[in-house]
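Residue strings, one per chain:
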Amino acid sequence: MKNTALVKETAKLLGFDYCGISKADFLEEEAPRLENWLKTQKNGEMQYMENYFDKRLDPRLLVEGSKSVVSLLLNYFPKKDIFSKKNNQENEEQNNQENNYKISKYAYGEDYHEVIKEKLKTFLEILREKIGEINGRCFVDSAPVMDKAWAKKSGLGWLGKHSNLINRKMGSFFFIAELILDIELEYDSPIGDYCGTCTKCIDACPTDAIVSPYVVDGSKCISYFTIELKKEIPNEMHGKFADWAFGCDICQDVCPWNRFAYPHNTPNFAPNEWQEWQKNDWHELTEEVFNKVFKKSPLKRTKFAGMKRNIDFLK
Ligand code: B12
Ligand code: SF4
Ligand code: SF4
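None of these values were measured; they are calculated from a predicted model. (Residues numbered from 1 in each chain as written. Chains lettered and ligands numbered in written order. Predicted model: local features only at pLDDT ≥ 70, side-chain atom pairs only at ≥ 80, totals over all residues. Heavy atoms only, no water.)

(A) The arrangement of the site of ligand 1 in detail. What surrounds ligand 1 is a group of 35 residues, the closest being Asp147, Lys148, Leu165, Tyr214 and Ser223. The separation between an oxygen atom of ligand 1 and a polar side-chain atom of Glu30 is 3.2 Å. Measuring from a nitrogen atom of ligand 1, one finds a side-chain N or O atom of Ser104 at 3.2 Å. Of all the secondary structure elements, the ones that give two or more residues to the shell around ligand 1 are α2 (30–39), α5 (147–153), β7 (174–181), β9 (215–216), α7 (222–228) and α8 (250–253). Of all the elements, α2 adds the most residues to the shell around ligand 1, at 4 residues. When the residues that make up the shell around ligand 1 are grouped by side-chain class, the tally is 19 nonpolar, 9 polar and 7 charged. (Near = heavy atom within 4 Å. Polar contact = N/O pair within 3.5 Å; in protein donor to acceptor, adjacent residues only side chain to side chain. Helix = DSSP H or I, 4+ residues; strand = E, 2+ residues; numbered from the N terminus. Nonpolar A, V, L, I, M, F, W, Y, C, P; charged D, E, K, R; others polar.)

Here it is as structure tokens:
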């Protein structure tokens, strides 16, 4: 179909690494899993996960007349993994992993919501120019849409035992975004699960947040404690964070499929001056410097007070 080819070509043109398409429909398989996840309070204090239950499971309730969900992947794997010895053997002296607090790779550069939103807006403009008046909306972790479930349905990967989507050619260090459109397109099919007997992510998680294969208790994840939780981090977590100060990459760093990760192509995701910082620089950080250095960064979500709480917890 002409429109399907146009969508896939436009995705490439705008720098997305992969694009897959699904029929906009009820997420039957996900419904009982999401319900159970919420019932057992695995969302912790992320109350927004309880909102719009029906819309989250059916994009047709979110975008009127929608027929297709276009899933898009954007790589964020950095050229230099600032905190990992393994990935930087040749740069070891530049690496200050021993004397540093760790920041998740997804947060090295500018906030992905902003970067991807711009690309999606252009995407819709191009489609409207070439196809005519279409109703569509763009999403990047910005609404009740199950990003991973749609990307999985569209054949872009499978949900690993750590619950992130893994792509066979790129690993799992990428963002997921969608366009939900009111036009019919050709649909892709899901692929299999390639975790096999591996349990590396489950074994490596320091807070035992992967409570069973494929199920993450959000309320136990370091990412939740350091980014989402507004209160103090519970005392029983002391000594478990392995110096992760904003998010956590452990379950993905140990995943064999991330041997296929390759550096991204998005200049906005490059880290700025903070990459040279060591523990002392974080201890001495003022609100003024924080606001300047992290003005466009995902770290602004925690604000200075949140980041200070995280660093104090790790001291
Ligand atoms: C809430 C949330 C979190 C929470 C909860 C995590 C979670 N797993 O739900 C917290 C704050 C902990 C978190 C952490 C992270 N997150 Co987050 N998060 C989200 C968010 C907003 C919603 C996810 C969701 O719907 N959860 C609800 C539960 C029910 O879904 P689920 O965990 O995927 O559960 C599925 C599986 O468990 C499966 N399942 C359940 N039981 C069973 C049983 C069997 C047998 C099988 C086969 C499957 C299965 O079905 C469930 C439903 O599909 C999405 C954005 C979005 N709008 O989708 C980003 C998102 C998932 N996060 C993302 C990222 C990058 C992260 C971090 C890596 C960030 C970091 N470095 O710190 C970590 C990873 C932690 C981890 N191992 O999951 C990316 C993932 C990209 C990818 N490659 O998959 C997303 C998609 C954002 C984006 N748009 O790019 N996140
Ligand atoms: S991100 Fe870290 S804390 Fe969360 S599940 Fe993965 S290894 Fe565990
Ligand atoms: S570490 Fe192993 S079990 Fe976990 S997601 Fe990767 S392949 Fe699957």
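Alright, that's what it looks like, and here's the rest.
(B) Spatial organisation of the environment of Gly15. The topology assignment puts Gly15 in the loop between α1 (2–13) and β1 (18–23). Distance from Gly15 to Leu73, taken between C-alpha atoms, is 9.4 Å for residues 58 residues apart in sequence. The contact partners of Gly15, leaving out residues within four places of it in the chain, are Leu74 and Lys119. (Contact = heavy atoms within 4.5 Å.)

(C) Quick peek at helix α11 (residues 303–314). In a regular helix each residue adds 1.5 Å, so 12 residues correspond to 16 Å; α11 covers 17 Å between its end C-alpha atoms and thus fits that length. Within the sequence span of α11, burial applies to Phe304, Gly306, Met307, Arg309, Asn310, Ile311, Phe313 and Leu314. Next to the buried residues of α11 lie β3 (102–103), α7, β10 (244–246), α9 (279–283) and α10 (287–293). (Expected span 1.5 Å × (residues − 1). Buried < 20%, exposed > 50% of the residue type's maximum accessible area, 1.4 Å probe, protein only.)

(D) Structural context of the packing of aromatic side chains. As enumerated under the stated definition, the model contains 24 aromatic pairs in all. Summarising the aromatic geometry, the rings of Trp158 and Tyr194 are spaced 5.3 Å apart at their centres and angled 65° between planes, so their arrangement reads as edge-to-face. One end of the pair, Trp158, is in strand β5 (residues 158–159); the other, Tyr194, is in the loop between β7 and α6 (200–204), with 36 residues separating them in the sequence. Taking the relative accessible area as the measure of exposure, Trp158 reaches 2% and is therefore buried. Taking 5.0 Å as the distance between ring centres and 75° as the angle between the ring planes, the aromatic pair formed by Trp277 and Trp282 counts as edge-to-face. Taken together, Tyr76, Phe77, Tyr106, Tyr112, Phe173, Phe175, Phe246 and Phe269 form an aromatic cluster joined through their ring pairs. (Phe/Tyr/Trp six-rings, centres within 6.5 Å; stacked < 30°, edge-to-face > 60°.)

(E) The arrangement of the environment of Gly44 in detail. Counting through the fold element by element, Gly44 comes out in the loop between α2 and α3 (53–57). Accessibility expressed as a relative area gives 28% for Gly44, which makes it partly exposed. Through-space distance from the C-alpha of Gly44 to that of Ile103 is 22 Å; in sequence the pair is 59 residues apart. Leave out the neighbours within four places in its chain, and Gly44 touches Ser219 and Tyr224.

Shape descriptors only; they carry no functional weight alone.
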